[in-house]
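Structure assessment
Now for the letters of each chain:
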2 protein chains.
Amino acid sequence: MLRSCTAGLRSLWALRGGREGVPRPSTDLQPAPRLFSAEKVIHTDCALPNPSWSKDLKLLFDQFMKKCEDGSWERLPSYRHRCAQISEDFKNYFLEQKPVKEGRLSQVRLFTRGFEDGLGFEYVIFKNNDEKRTVCLFQGGPYLQGVPGFVHGGAIAAIIDTALALCAAVPGKAIMTANLNINFKRPVPLCSVVVINSQLDKLEGRKLFVSCNVQSVDEKTVYSEATGLFIKLDPEKKSF
Amino acid sequence: MLRSCTAGLRSLWALRGGREGVPRPSTDLQPAPRLFSAEKVIHTDCALPNPSWSKDLKLLFDQFMKKCEDGSWERLPSYRHRCAQISEDFKNYFLEQKPVKEGRLSQVRLFTRGFEDGLGFEYVIFKNNDEKRTVCLFQGGPYLQGVPGFVHGGAIAAIIDTALALCAAVPGKAIMTANLNINFKRPVPLCSVVVINSQLDKLEGRKLFVSCNVQSVDEKTVYSEATGLFIKLDPEKKSF
């Protein structure tokens, strides 16, 4: 629901890391964040292949990594742990709301990265800034089950929210989901790979209108369609 | 997204269990489900207090348990593991879709129960059948973080989907979410307790229209409002 932009994330909560056996991208060479807790947290980029990735997911990943070579597409890194410090934007915006208790700061995890490799959300998002669109490659693990054999609609909603937010992301600005409207057409089989194509449709002042579809790798099946409205937060204003 | 009704769940995937120190409700005294896998799975009702529950959550739980005494309200049990057997309704409905691979059957978990106690979704849902409404008491743990200090919008969408689906549930029928439309008004602080009030607004053939709001325990803050459209599945028909 609430997110800073990708660039903002990297500057506000500058994170670093890399998976074993995978070269560390240069964008990850940033200082570790300061935590309130003294606990040492290892920051690993989760948007890179791991042994749980299926052939389909690895193949699509490789195809998009190729597209990144000329700079038209960019792979967005993603981390399990974020610095628990409340960003100034949000602190100003929701003054009266108490954040997480100090004692639990070291326990926090980004929701879509809260499961161990392969069990939950396995995904990577690629962005094309010129075309104002993103492609999210998603494999829903066995801990995301809804009805037996299929991914829970709430998990689909969560990955759609994530994909749309990163499509709407504005450099240097914090954004918040104001509306999410999802049409579910068919259930997504557990452990299968789907592709979420998102695009920025319209900009109106602080409002960002985005939409997406969730489809099979062969593009023959559309599982869901969704629209999202995101708002750039303005610390001077306490409401939308 | 896809769910059978509460009664259906109990008959199709009859589950049993109870938490330590908490009397086992009579509804739980049912045979364990048959799994494809030979692995023994312990079925524990997760919709009962555990040490991670805050005072607010325990207090509200006790209040609603009191309301259950005269039979007007009912606590809905909830389990981490479901029988992985695809129910006949869904099997008939989505014939061409392949379910989870056999080898991973023993790993599956219901998405909203996939985290250890206190880390993810802690919730209990009470239903008033006469008034066609449910109340979901929800505490979002530290693994559900979106922006630092607040619950991820996708996690809010997931618990809303769950609450609405159980409100729309029809005895003996499998239902599927067709649409979920959520307005996010304010972010929910991590580890706080919120109350989701859902109601069945309209029934039109196989369509069930439901709505809900997500508010603070003191009812002073409305965090989100949502509507949902659920469809009763008809094995004879392959589309909505």
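From a predicted model like this one, the values you see are computed outputs, not experimental measurements.

1. Thoughts on the overall build of chain A
Summing up its helical and strand segments, chain A has 4 helices and 8 strands in all. Out of the 240 residues in chain A, the part that is buried amounts to 60%. Taking as baseline every contact in chain A between residues at least 6 positions apart, the subset at least 24 positions apart corresponds to 70%. When the accessible surface of chain A is split by element, carbon and sulfur atoms take 50% of a total near 10100 Å².

2. A few points about the pattern of salt bridges
Residues and elements named next belong to chain A. Tallied over the full model, the rule gives 12 salt bridges over all chains. Of the charged contacts in the structure, one is a salt bridge between Glu204 and Lys202, with a shortest N-O distance of 3.3 Å. Residue class for Lys202 comes out partly exposed when judged on its relative accessible area of 42%.

3. Notes on unusual backbone geometry
All names here are of chain B. One non-glycine residue, Lys132, lies in positive phi territory at about 50 degrees. With respect to the secondary-structure elements, Lys132 resides in the loop between strand 3 (121–128) and strand 4 (133–140). Under the relative-accessibility criterion, Lys132 is labelled partly exposed at 43%.

4. Side note on the UniProt feature "domain: Thioesterase" (unreviewed entry) in chain A
Mapped onto the present numbering, the UniProt feature "domain: Thioesterase" (unreviewed entry) falls at residues 149–221 of chain A. Helix makes up 22% of residues 149–221 of chain A and strand 45%, with an end-to-end C-alpha separation of 17 Å.

5. What to know about the environment of Leu164 of chain A
Residue and element names in this part refer to chain A. Among the structural elements, Leu164 can be located in helix 4 (residues 153–168). For the pair formed by Leu164 and Leu229, sequence separation is 65 residues and the distance between their alpha carbons is 8.9 Å. Excluding anything up to four places from it in sequence, Leu164 contacts Leu180, Ser198, Val210, Ser211, Cys212, Thr227, Gly228 and Phe230.

6. Examining the nonpolar core
Counting 94 residues, the largest nonpolar core has Phe121 and Phe138 of chain A together with Phe121 and Phe138 of chain B as the members making the most contacts within it. Phe138 of chain A has contacts with Leu57, Phe121, Glu122, Tyr123, Leu144, Ile156, Ile159, Ser192, Val193, Val194 and Ile196 of chain A, leaving out every residue within four places of it along the chain.

7. A word on the packing of helix 4 of chain A against helix 4 (residues 153–168) of chain B
Viewed as axis vectors pointing N to C, helix 4 of chain A and helix 4 of chain B meet at an angle of 155 degrees, and their least axial separation amounts to 8 Å. Viewed along their axes, helix 4 of chain A and helix 4 of chain B adopt a mutual orientation that is roughly antiparallel. Where helix 4 of chain A crosses over helix 4 of chain B, the handedness of that crossing is right-handed. On helix 4 of chain B, the residues touching Gly153, Gly154, Ala157, Ala158 and Asp161 of chain A of helix 4 of chain A are Gly153, Gly154, Ala157, Ala158 and Asp161 of chain B. By residue class, the composition of the contact of helix 4 of chain A with helix 4 of chain B is 4 nonpolar, 4 polar and 2 charged.

8. Examining the environment of Val214 of chain A
Residues and elements named next belong to chain A. Tracing the backbone through its elements, the reader meets Val214 in strand 7 (residues 207–216). Exposure remark for Val214: the relative accessible area of 1% places this residue in the buried category. Measuring from C-alpha to C-alpha, the distance between Val214 and Lys185 comes to 9.7 Å, with 29 residues separating the pair along the chain. Ignoring any residue separated from it by four or fewer positions in sequence, one finds Val214 in contact with Ile160, Val194, Val195, Ile196, Thr221, Val222, Tyr223 and Ser224.

9. Structural notes on helix 4 of chain B
Its 16 residues place the ends of helix 4 of chain B 22 Å apart at the C-alpha level, agreeing with the 22 Å of an ideal helix rising 1.5 Å per residue. Most of helix 4 of chain B sits inside the fold, with 16 of its 16 residues counted as buried.

10. Here we look at the pairing of strand 5 (residues 174–184) of chain A
Extensive coverage of strand 5 of chain A is indicated by the burial of 9 of its 11 residues. Pairing of strand 5 of chain A with strand 5 (residues 174–184) of chain B involves 5 bridges; the strand directions are antiparallel. Across the sheet, Leu180 of chain A pairs through a bridge with Ile182 of chain B, a residue of strand 5 of chain B.

11. Some points on the pairing of strand 3 (residues 121–128) of chain A
Residue and element names in this part refer to chain A. In terms of residue burial, strand 3 counts as a mostly covered element, since 8 of its 8 residues are buried. The two faces of strand 3 match: Phe121, Tyr123, Ile125 and Lys127 on one face and Glu122, Val124, Phe126 and Asn128 on the other face are all buried. Pairing between strand 2 (residues 74–76) and strand 3: 3 bridges, direction antiparallel. Directly across from Glu74, in strand 3, lies its bridge partner Lys127. Of the pairings in the sheet, the one linking strand 3 to strand 4 (residues 133–140) comprises 8 bridges and is antiparallel in character. The residue bridging Lys127 from the neighbouring strand is Thr134, located in strand 4. As consecutive antiparallel partners, strand 3 and strand 4 are separated by 4 residues, and within that stretch Lys132 has a phi angle of approximately 50 degrees, a positive value.

Cut-off values and rules
- Residues numbered from 1 in each chain as written.
- Chains lettered and ligands numbered in written order.
- Predicted model: local features only at pLDDT ≥ 70, side-chain atom pairs only at ≥ 80, totals over all residues.
- Heavy atoms only, no water.
- Helix = DSSP H or I, 4+ residues; strand = E, 2+ residues; numbered from the N terminus.
- Buried < 20%, exposed > 50% of the residue type's maximum accessible area, 1.4 Å probe, protein only.
- Contact = heavy atoms within 4.5 Å.
- Areas by Shrake-Rupley, 256 points an atom, 1.4 Å probe, with all protein chains shown as cover.
- Salt bridge = Lys/Arg side-chain N within 4 Å of Asp/Glu carboxyl O.
- UniProt positions renumbered as here; feature names shortened; annotations may be inferred.
- Core = buried A, V, L, I, M, F, W, Y, C linked by side-chain atoms within 4.5 Å.
- Axes fitted to C-alpha atoms, helices over the stretch in contact; angles between N-to-C directions.
- Parallel < 35°, antiparallel > 145°, perpendicular 65-115°, else oblique.
- Left-handed = near helix turned anticlockwise from the far one by under 90°.
- Nonpolar A, V, L, I, M, F, W, Y, C, P; charged D, E, K, R; others polar.
- Expected span 1.5 Å × (residues − 1).
- Pairing = 2+ DSSP bridges.

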